[in-house]
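Fold and geometry: a report
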Amino acid sequence: LAQVLLMTQPADSELYRFFRVHAELGPRDRQFIADTVFGVLRRRIGLEFETGADTPRRLLLVYLNLVQGTSLRQLEPLLGSENAQWAAALKSRPAVDAPLHVQAELPAWLFATLAEELPADEILALGRALREPAPLDLRVNALTASRDKVMQQLAIEGFHVQPTPHAPLGIRIDGNPALGRNALFTSGRIEIQDEGSQLLCYLLAPIRREMVVDFCAGAGGKTLALGALMQSQGRLYAFDVSESRLNKLKPRLKRSGLSNVFPQLLVNENDIKVKRLAGKIDRVLVDAPCSGFGTLRRNPDLKWRQNEAGIAELTAEQGRILTAAAALVKPGGRLVYATCSFVRAENQGVVAAFLAAHPQFRIV
C-alpha cells in the first residue's frame, strides 16, 4: 500500500511486481492484499477526511475498522503504541459534514468539472457507485460456443453466473475467479470483456465481407468481438501504436479461431498504413486513449494519477486521432468514437469540434 500510494505506477502494476517479489504468498493472501489495497484506494478520500489518517498503515487500519468492520481489539497486534493511541482518539473525534466531493469520493477538481453539467445528486450517485468493485464479465465466442451452454458448464464447475443485462453474449460471474487455466478460456470459447466494451462493438455493427478498422485496438478485446460479429469474413484491421499491446492480441487471436484479423503496428495516427486505406473502410471504431475515469471501480488510483492538465492534453490527442481515423471512412460508412471516461470534454466536446470541422459527417 505504501508503494501504491506514491502513485508513480498504476496500482495493478505495483501489485504485479509485489507478488513476483513475494512468490511465497498463497492465493488467499494475494486476494486479500489486492482487495484491500483497491478498497483503500476507493475509500481513501473519505477516510482521510473523516479520520485524518496520514500514513499508509493508518489508512489501512481505518479501512479495516470502518469499512470492513474489523474491531480495534482484533487489530491491536498490528497497531503499535503510537497508532493505538491515535486509533483510540478517533472515537472522540467530532463529526464534521464532509464536502460534496468527499461524499462522492472524487477529487475536488473532477467534482467541479462534473458539476458544470450534472446536478449534485447525480454526481453523488455516480461517485458512490464507483466505490464498489467492478463485476467480472465474460463474452462468449459465438463462432465456437453458445451462451446457454457456457453458462451451464460454468454452473457445473461451481461458478455463480447470470447473463449480462444488455450484451447478448455476455456472462456476469460472481467474485473474481482466476479463469486463465479454465478449459473454456484456453479453448477460446470465452474472453474476459466488460459489458460496456461488448456493447460498443454492437454500435459499430460490422457485417460479413466488410472492411473494418479497430483504430486503437490495444490488446484486442474489441477486435475479437468485432471479428466474431463478422463471422470471420471480410478484413478487420487492428491498429495500435504500442507493439507490446498488439503482442498481447496474438495468443488471444489464436484461441479465437478468427482468420480475418490483421494486426498493424503504427508509428502514429498518420502512418502510411493508415493513408493507404483512405476512403476504403466501411466501419471504423475509435476507442480513444482517455483519462479512464469511467473505470474507477477497477482503477481507483486514476483519481490521483490524472489531473486537469492531463485532460486538456488528452482532448487534443483524441481530436487528432479521430480526424485521422475519419479519413478511412468511405461515403456512407460508419465512424464510432468512444472513450472509457464520463468527462464531457473527452466525449461530446471532442465530437462537437470534429463535426464543426467535418460537415460531411453527421450524428446517427
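Before reading further, recall that the structure is shown in the block above.
Residues numbered from 1 in each chain as written. Predicted model: local features only at pLDDT ≥ 70, side-chain atom pairs only at ≥ 80, totals over all residues. Heavy atoms only, no water.

Next up on the list: the overall build of the protein. Each helix and strand in the protein was counted, giving 16 helices and nine strands. Seen along its three principal axes, the alpha-carbon backbone of the protein occupies a region of about 70 × 50 × 35 Å. With 364 residues in all, the protein has 43% of them scored as buried. The long-range share in the protein, meaning contacts at least 24 apart out of those at least 6 apart in sequence, stands at 69%. (Helix = DSSP H or I, 4+ residues; strand = E, 2+ residues; numbered from the N terminus. Buried < 20%, exposed > 50% of the residue type's maximum accessible area, 1.4 Å probe, protein only. Contact = heavy atoms within 4.5 Å.)

On to the pairing of strand 5 (residues 211–214), then. In this sheet, strand 6 (residues 235–240) lies alongside strand 5 in parallel orientation, the contact comprising four bridges. Bridged to Val213 within strand 6 is Tyr237. Read as a crossover between parallel neighbours, the route from strand 5 over helix 11 (residues 221–229) to strand 6 is right-handed. Across three bridges, the pairing between strand 5 and strand 8 (residues 281–287) is parallel. Residue Val213 lies in a different strand from strand 8, and its bridge partner there is Val284. (Pairing = 2+ DSSP bridges. Right-handed = clockwise from strand over helix to strand, strands pointing away.)

Turning to its location among the elements, Leu169 is positioned in the loop between strand 2 (161–163) and strand 3 (170–173). Taking C-alpha positions, Leu169 is 43 Å from Glu50, a pair spaced 119 residues apart along the chain. Those residues in contact with Leu169, other than ones at most four positions away along the chain, are Leu138, Arg139, Val140, Ala142, Arg147, Gln198 and Tyr202.

Attention shifts here to the packing of aromatic side chains. Here the structure, examined in full by the defined rule, presents seven aromatic pairs. Pairing Tyr237 with Phe262 gives two aromatic rings, centres 6.0 Å apart and planes at 40 degrees, and the pair type is tilted. Separated by 25 residues along the polypeptide, Tyr237 in strand 6 and Phe262 in strand 7 (residues 261–265) bring together distant segments of the chain. A relative accessible area of 26% means that Phe262 is categorised as partly exposed. Among the aromatic residues, those joined into a cluster by ring pairs are Phe215, Tyr237, Phe239 and Phe262. Arg44 extends its terminal NZ or CZ atom over the ring of Trp304, reaching a point 4.6 Å from the ring centre. In this structure, Arg235 packs its charged tip against the face of Phe262, placed 3.9 Å from the ring centre. (Phe/Tyr/Trp six-rings, centres within 6.5 Å; stacked < 30°, edge-to-face > 60°. Lys NZ or Arg CZ within 6 Å of the ring centre and 35° of its normal.)

On to the sheet that holds strand 2. Read across the open sheet, the four strands follow the order 2-3-1-4; overall the sheet is antiparallel. At either margin of the open sheet sits one strand with a lone partner, and together these are strand 2 and strand 4 (190–192). Sheet twist, expressed as the mean angle between neighbouring strand axes with direction ignored, is 30 degrees. Where strand 1 (residues 136–140) and strand 3 come together, four bridges link them in antiparallel fashion. (Axes fitted to C-alpha atoms, helices over the stretch in contact; angles between N-to-C directions.)

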